[in-house]
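# What the coordinates show
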Amino acid sequence: MDSTLACLTAWMPRQRWYATKGRSPRLRMVSWWDLEPGASATSAAGAGEVLFVRTYLVADDASDPAVLYQVPVVARATPQVSADDSHEIGRPAADVILRDGPHDDAYAQALLSLVTHGGTVNGPGSQATGHPAAAHDGRPRVSRVMTGEQSNTSLVFEGPAAMPVICKIYRQLHPGHNPDIELPGALAAGGSSHVPTVVGWVEGSWPNPSGDAASVVRGSLASAQEFLPGVQDAWRVALNAAADSEDFRAAAEELGVATADVHVALARLFPREECTPAQRDAVAAVWNRRLSIALEEVPALSPWRTDIEAVYATALTMPWPALQRIHGDYHLGQVLRVPGRGWVLLDFEGEPLRPMDERTLPDLALRDVAGMLRSFDYVAGSLELERPDQASDVRDWARTAREAFLRGYAAASSVDLTTVAGLLTALEMDKAVYEAIYEVRNRPSWMEIPLGAVKRLITEVSSPSDRG
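Anyway, here's the lowdown on the structure attached to this text. (Residues numbered from 1 in each chain as written. Predicted model: local features only at pLDDT ≥ 70, side-chain atom pairs only at ≥ 80, totals over all residues. Heavy atoms only, no water.)

## Focus: the pattern of salt bridges
For clarity, the cut-off: Note on definitions: salt bridges are taken to be side-chain nitrogens of Lys or Arg within 4 Å of carboxyl oxygens of Asp or Glu. Counting from the N terminus, the helices are DSSP H or I runs at least four residues long and the strands are E runs at least two residues long.
The full count for this structure, using the stated rule, is 30 salt bridges. Across the salt bridge formed by aspartate 347 and lysine 168, the nearest N and O atoms sit 2.7 Å from each other. Placement of the pair is aspartate 347 in the loop between strand S16 (342-345) and helix H8 (356-359) and lysine 168 in strand S10 (residues 162-170), with a sequence separation of 179 residues. Within the structure, one salt-bridge network assembled from shared partners comprises Lys168, Asp180, Asp347, Glu349 and Arg359.

The structure is reproduced here in structure tokens:
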């Protein structure tokens, strides 16, 4: 086991989903379980014999609190394995190679079986159980790994005459039922057309990595749903429209309606609660703490400090709507444009780095609205960086898209946005402040996008208009 941990210690920092960038991992094994290899275990060209298909639960003490990772691994005999295997984790012994599980069909088919047929697998103090949401057609599917994901790993399964399935493997594990399983499942069961069909999920139990060694916690390991091939996400659709100066108002208004439909359904399906003074104070504390960090890291914000604080103060003087379940990380990249079906919302996981108990709390539906408004602004901002001579045109495009989105949302939700305009502005301002911190740390050349938003929001407060 020490040799396996050594392989993982060298490999994990290079993965997109590894959270503690810039630090050396301090790994310890929490548990593991073995899966029965899929029927096509040796289908890969030159693949060696499968020795085991195993999921490791590994805690990293390089951060406080420790982060728990799910690491599926396929061990194969090395003689027939290519020396330049791009998905190799390491070689704990001369005749064994460890491969990243999602990139090996032995694991992929075992996962598909668990999530669609059910069953339970066990390890030291741990267990994983598959929960099919509907009968599986049993037809073979070929798997491929989606690229570009930051926090998770998704496998797409496709085959002739079979419904395509996408299975998301949660890399960072938290106790609790993941809202990415809970919310779409409830919406689909309630008849919503704005979410994909649920296929199933996998949940597990494992020894508490940060508490009493004898205590056990439960959480979500993977989810599977209908995959919608050949469609673009709303970010790409909007970006193309803005680049070609296409009128996006009708599409944005429809997106506002779809967003409102989902919010109304979630308010019906899950409990709502009135926002207490303590909850308002907690939100305000987050705003002020984030602003303090931003002022230290982004000096360009300093001239607007008083104006930003005034936006927050104004929001605290008005009544707030009831809290409810929301998407939690809403932007154009989380929505698909599906022909004949309209807008379909994805990834209800919330912010993956937040604890699960925070992600499942009722929140302000306007937080999702603010996130989408910022996303329209980023479409324009990214194009403006590429084509500064068209800055005025893309800004107008974003303005009309935001207005149409709000118009559709207000009509479908029956929310009078004029009565909550100050709160919506504060939420959008807080998002822009967060973006300023992100950009200065990761993408300084994009800093003008959130700074421009801060300036615009302050100007709108000075010359208010009807946001609904």
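## Considerations on the pairing of strand S3 (residues 67-77)
To keep things clear, this is the line we draw: When a residue's accessible area, from a 1.4 Å probe over protein chains only, is under 20% of the maximum for its type it is buried; when over 50% it is exposed; and in between it is partly exposed. Between any two strands, at least two bridges found by DSSP are needed for them to pair.
When you tally the buried positions in S3, you get eleven out of eleven residues, the bulk of the element. By the bridge criterion, ten bridges tie strand S2 (residues 50-60) to S3 in an arrangement that is antiparallel. Looking at the pairing, leucine 57 lines up with glutamine 70 of S3. Hairpin connection, S2 to S3: the antiparallel pair is bridged by six residues. One ladder, built from two bridges, connects S3 with strand S11 (residues 172-173); its direction is antiparallel. Opposite tyrosine 69, over in S11, you have glutamine 172 as the bridge partner. Relative to strand S5 (residues 96-100), S3 is paired through five bridges, and the arrangement is antiparallel.

## A closer look at the packing of helix H3 (residues 179-189) against helix H5 (residues 249-269)
So the rule is basically this: Fitting a line to C-alpha atoms yields each axis, with helices limited to the stretch in contact; the angle taken between N-to-C directions then spans 0 to 180 degrees. Angular relationships are summarised with four words: roughly parallel below 35 degrees, roughly antiparallel beyond 145, roughly perpendicular across 65 to 115, and oblique for the angles in between. Residues count as neighbours in contact if any of their non-hydrogen atoms are within 4.5 Å of one another.
Relative to each other, H3 and H5 sit at 95 degrees, their axes nearing to 10 Å. By the angle class used here, H3 and H5 are roughly perpendicular. Across the interface between the two elements, Leu183, Ala186 and Leu187 of H3 pack against Val262, Ala265, Leu266 and Leu269 of H5.

## Topic: the nonpolar core
Quick reminder of the rule: Within this scheme, the nonpolar core is defined by two criteria: the residues are buried Ala, Val, Leu, Ile, Met, Phe, Trp, Tyr or Cys, and they are joined through side-chain atoms within 4.5 Å.
Counting residues in each nonpolar core, the largest one holds 79 residues, and the members touching the most others are Phe248, Phe376 and Trp397. It is helix H9 (residues 365-386) that provides the largest number of residues to this core, a total of ten residues. Those residues within four positions of tryptophan 397 in sequence are excluded, and the remaining contacts are Ala238, Ala241, Ala242, Glu246, Phe248, Phe376 and Val379. Counting residues in each nonpolar core, the second largest holds 34 residues, with Trp33, Tyr107, Ile181 and Leu221 among its members.

## Some points on the sheet that holds S16
Across the sheet, which stays open at both edges, the three strands sit in the order S14-S15-S16 with antiparallel pairing between neighbours. For this open sheet the edge positions go to strand S14 (232-233) and S16, each flanked by a neighbour on one side alone. Across four bridges, the pairing between strand S15 (residues 335-338) and S16 is antiparallel. Pairing of valine 335 across the sheet is with leucine 345, part of S16.

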